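So you can see what is in the structure, the chains are spelled out below.
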Amino acid sequence: ETRIVVTASGAYSFAKTLNLEDVNCDTRFKTFEAYGNSKLANILFTKSLAKKLETAAPEKTFTVNCFHPGFVGTGIGTQVWFGRIIMALCRPFVRSPAKGAETGLFLAIDPTVKGETGGYYVDCELTRVGRQARDEAAGAALWTKSLEMVSGFIG
């Protein structure tokens, strides 16, 4: 069995729909909206890849799942003074990097998820995602857009 594990985030809920018109936020950048859009894309990619692999290679066992690591104290955002202050205030509420990695490791090696694919996990539990992360048309559009964006880099 080949397992593909994608790091997503509950922050996908910051995006009500997937914004593929301005995927690089060239015309408008709002931090939480951009981050939410990227995490929504991670979930939709996971679900799309899971379906494509089931169809393209039914004789092989591939699983593709994503997970929310929680609010992990990684130092992200601490390059600026404001980020350092925010992270210092949030320190009592953040997870250690080891705790944040638990669900990803669970998806990679735990025998109880063998054969499970296309899921979103929080604290090692399969969790239902919001409507925007179940939108198959948005997942298909993301797949097409991704192929367009990388077409110059692949054979």
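Data block above holds the structure.
Along each chain, the written sequence defines residue order, and numbers are assigned to residues from 1. Per-residue local features of the predicted model are confined to residues with pLDDT of at least 70, and side-chain atom pairs are confined, for both listing and counting, to 80 or more; whole-chain, interface and lining totals are unaffected and use all residues. To obtain the side-chain values, all non-hydrogen atoms of the structure were used and water was disregarded.

## Notes on the overall build of the protein
When helices and strands are tallied, the protein shows 4 helices and 4 strands. Burial classes: relative accessible area under 20% of the type maximum marks a residue as buried, over 50% as exposed, and values in between as partly exposed (1.4 Å probe, protein chains only). Scored against the burial criterion, the 155 residues of the protein give a buried share of 32%. When checking whether two residues touch, look at their non-hydrogen atoms; a contact exists if any pair is within 4.5 Å. Considering only intrachain contacts with a sequence separation of at least 6, the fraction spanning at least 24 residues in the protein is 72%. For every accessible area listed, the method is Shrake-Rupley and the probe measures 1.4 Å; residues are considered covered only by the protein chains on display. In the structure as shown, the protein presents an accessible area of about 9,800 Å², 60% of it carried by carbon and sulfur atoms. Secondary structure elements follow DSSP: runs of H or I no shorter than four residues count as helices, runs of E no shorter than two count as strands, and numbering proceeds from the N terminus.

## Comments concerning the environment of Ala 138
For Ala 138, the location among the structural elements is in helix α4 (residues 136-150). Distance in space between the C-alpha atoms of Ala 138 and Leu 18 is 6.7 Å, their sequence separation being 120 residues.

## Here we look at the pattern of salt bridges
Between Lys or Arg on one side and Asp or Glu on the other, a salt bridge is scored when a side-chain nitrogen of the former is within 4 Å of a carboxyl oxygen of the latter. All chains considered together, the criterion is met by 4 salt bridges. A salt bridge links Arg 3 to Glu 1, with the nearest nitrogen and oxygen atoms 3.0 Å apart. Given the relative accessible area of 41%, Glu 1 is considered partly exposed. Across the pair Lys 99 and Glu 102 runs a salt bridge whose closest N-O atoms are separated by 3.0 Å. In this pair, Lys 99 and Glu 102 are both assigned in helix α3 (residues 97-109), 3 residues apart and thus about one turn of the helix distant. Overall, Lys 99 belongs to the partly exposed group, its relative accessible area being 36%. Residue Glu 102 is classed as partly exposed on the basis of its relative accessible area, which comes to 38%.

## Thoughts on the packing of aromatic side chains
Working definition: a ring pair exists when centres of Phe, Tyr or Trp rings (six-membered ring for Trp) sit within 6.5 Å. Plane angles under 30 degrees give stacked, over 60 give edge-to-face, the rest tilted. With the rule as written, the count across this model stands at 4 aromatic pairs. Plain terms: the ring middles of Tyr 12 and Tyr 120 are 5.8 Å apart, the flat faces sit at 80° to each other, and that makes the pair edge-to-face. Highlighted residues: Tyr 12 in the loop between β1 (2-7) and α1 (31-56) and Tyr 120 in strand β3 (residues 120-122), separated in sequence by 108 residues. In this pair, the class of Tyr 12 matches that of Tyr 120, namely buried. A ring pair is formed by Phe 45 and Trp 143, whose centres lie 5.8 Å apart and whose planes are at 10°; its orientation type is stacked. Here Phe 45, found in helix α1, pairs with Trp 143, found in helix α4; they are 98 residues apart in sequence, far enough to count as distant. For Phe 45, a relative accessible area of 33% translates into the label partly exposed. Judged by relative accessible area, Trp 143 falls into the partly exposed class, the value being 22%.

## A look at the nonpolar core
With 16 residues, the main nonpolar core has Tyr 12, Leu 18, Leu 40, Ile 43 and Tyr 120 as its most contacted residues. For this core, the secondary-structure elements that each account for two or more residues are α1 and α4. Element by element, the count of residues in this core is highest for α1, at 4 residues. Not counting the four nearest positions on each side in its chain, Leu 40 is found in contact with Tyr 12, Ala 15, Thr 17, Leu 18, Gln 132 and Ala 133. Buried residues of nine kinds, namely Ala, Val, Leu, Ile, Met, Phe, Trp, Tyr and Cys, make up a nonpolar core once their side-chain atoms join them within 4.5 Å. Counting residues in each nonpolar core, the second largest holds 5 residues, with Phe 67, Phe 106, Val 113 and Tyr 121 among its members.

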